[in-house]
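The primary structure of each chain is shown beneath.
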Amino acid sequence: CLNILDFRTVNDTFGHHVGDACLRQVSERLQALQGENRLAARLGGDEFLVVAPHHGAIEAETDTLRALLEQPYSSHELDITLRFSMGVAASPQDAGNASALIQKAGIALDLARRETKGIVFYERKMEEAHLKRLSLLADLKAAINANDGQLKMYYQPKICARTLTATRFEALIRWIHPHHGFVAPDMFIPLAEQAGLINSLTEWVVAAVIRQLGEWQQQDFHAQVAVNLSAQDLSREHLLEHINTLLQRHEVKPESISFEITESEIMRDARAAIQLLEKFRAQGFHLAIDDFGTGYSSLSQLKNMPVTELKIDRSFIRDLEQDPESILVLESIIGLAQNLKLEIVAEGIETEQQVAILEQRGCDFIQGFYFAR
Ligand code: C2E
Ligand code: CA
Ligand code: CA
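Each value, and the rule that gives it
- Residues numbered from 1 in each chain as written.
- Chains lettered and ligands numbered in written order.
- Predicted model: local features only at pLDDT ≥ 70, side-chain atom pairs only at ≥ 80, totals over all residues.
- Heavy atoms only, no water.
- Helix = DSSP H or I, 4+ residues; strand = E, 2+ residues; numbered from the N terminus.
- Buried < 20%, exposed > 50% of the residue type's maximum accessible area, 1.4 Å probe, protein only.
- Polar contact = N/O pair within 3.5 Å; in protein donor to acceptor, adjacent residues only side chain to side chain.
- Contact = heavy atoms within 4.5 Å.
- Near = heavy atom within 4 Å.
- Areas by Shrake-Rupley, 256 points an atom, 1.4 Å probe, with all protein chains shown as cover.
- Nonpolar A, V, L, I, M, F, W, Y, C, P; charged D, E, K, R; others polar.
- Donors = N, O, S within 2.8 Å, 3.2 Å for Na, K, Ca; no water.

(A) Seen up close, the side chain of threonine 62. By secondary structure assignment, the location of threonine 62 is in helix H3 (residues 58-69). For threonine 62, a relative accessible area of 9% gives the class buried. At 3.0 Å, the side chain of threonine 62 and the backbone oxygen of glutamate 59 are in polar contact. The residues contacting threonine 62, other than those within four sequence positions of it, are Met86, Val88, Ile119 and Phe121.

Next comes the structure, spelled out in structure tokens:
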């Protein structure tokens, strides 16, 4: 099984007509290889399948295939290089029939893709991890639909450095699985993203947060809550409609909600992301760049982003006490944010000394285990 690495970027950068032309040329090259007992097919999207007899080393076969496929493609006067991930399974060792063989090659490809490896050969030990992911995913889907208390939102305060009050919070999802117990978001969020489940998870999160904001308002507690969004949420206009319906139902204002998007996710398709973020901003939602400093944003683009808040990544905080140079970096980030009129939140604050350093340097909000987990 073959998959074009990062094919989305080809479409986003050069347009779908160029992407389509590349897919056609990949097919032509694969077809040119066909011989006795050989078969090539497109499985869908950017995934292809090659069935080939092998006499001896499979590696020689796959090397030839890769060399052929990774020659530049030309379309609309552009030269485009594609990279491929491959998952390989062999019969009879790995599987005795066609559908099992395709499935095993798919498991190997899945791993190659996740670990951005060029090639992975199927091994039986991959099966267990794969099945576990599949079952975890099925469980997550069920948990979202059942809404039976397995999923819960926790609210970590962002403490205002000036007043030391907590009126802003970041909503963090928690999943207590009935058999496995606590499953970390760092584990299941990427899983949900890969499996196309993130949109319904985000809808669940947004609904829980807006309901909570409504309840707090009735108790006369007025807070601003930040929700984390994934890149895939940004390519979906429907999310905004869903949010607006919920806001009306619970009589919550857009100003009570902020959305956090990591720098690297915005950068994946900056133009499209900025377009949708502008719509959010125009409605009055607050927007934050999350994990700032880890995502290679171009500084010139930063000034065009409709964001209101910049969250300094934890990695810049960790060494503050030992390393004077990391204070310099921190000061430059704060200076940059101030010049762009963005509010600054530092996250991952664990010690009193870090708090003191950040307050002195003019950081607006401080978030971390030091104040509250
Ligand atoms: P993030 O957005 O950077 O969230 C901050 C993470 O840092 C949280 O981990 C939080 O518990 C942790 N943290 C807060 N203060 C400290 C501290 O002082 N020290 C240390 N070491 N850690 C601290 P968590 O909840 O495990 O979430 C991990 C990531 O999962 C989040 O990173 C976010 O990207 C994602 N995530 C969490 N909840 C959601 C959600 O509802 N939706 C989406 N799409 N992603 C979420
Ligand atoms: Ca966040
Ligand atoms: Ca963060």
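There's more to say after this.
(B) The site of ligand 1, seen in detail. Near ligand 1 you find 21 residues, and of these Gln156, Arg174, Arg314, Glu350 and Phe369 are the closest. Here glutamate 350 contributes a side-chain N or O atom positioned 2.5 Å from a nitrogen atom of ligand 1. Contact with the protein chains covers 84% of the free accessible surface of ligand 1, which is 800 Å². Sorting the residues of the shell around ligand 1 by element identifies strand S8 (151-160), strand S9 (166-177), helix H6 (185-194) and strand S13 (286-292) as the ones contributing at least two each. Examining the composition of the shell around ligand 1, we find that 4 residues originate from one element, S9, more than from any other. For the shell around ligand 1, the class distribution of residues is 8 nonpolar, 5 polar and 8 charged.

(C) Region of the structure containing the coordination of the calcium ion (ligand 2). Taken together, the protein donors to the calcium ion (ligand 2) comprise Glu170 (OE), Asn228 (OD1), Glu260 (OE) and Asp290 (OD), at separations of 2.2 to 2.3 Å. The sequence motif formed by the donor residues of the calcium ion (ligand 2) is E-x57-N-x31-E-x29-D. Here the calcium ion (ligand 2) and the calcium ion (ligand 3) are spaced 3.9 Å apart, with aspartate 290 acting as a shared donor. Here glutamate 170, found in strand S9, pairs with glutamate 260, found in strand S12 (residues 257-262); they are 90 residues apart in sequence, far enough to count as distant. One exposure class covers both glutamate 170 and glutamate 260, and it is buried.

That is the geometry; function is a separate question.
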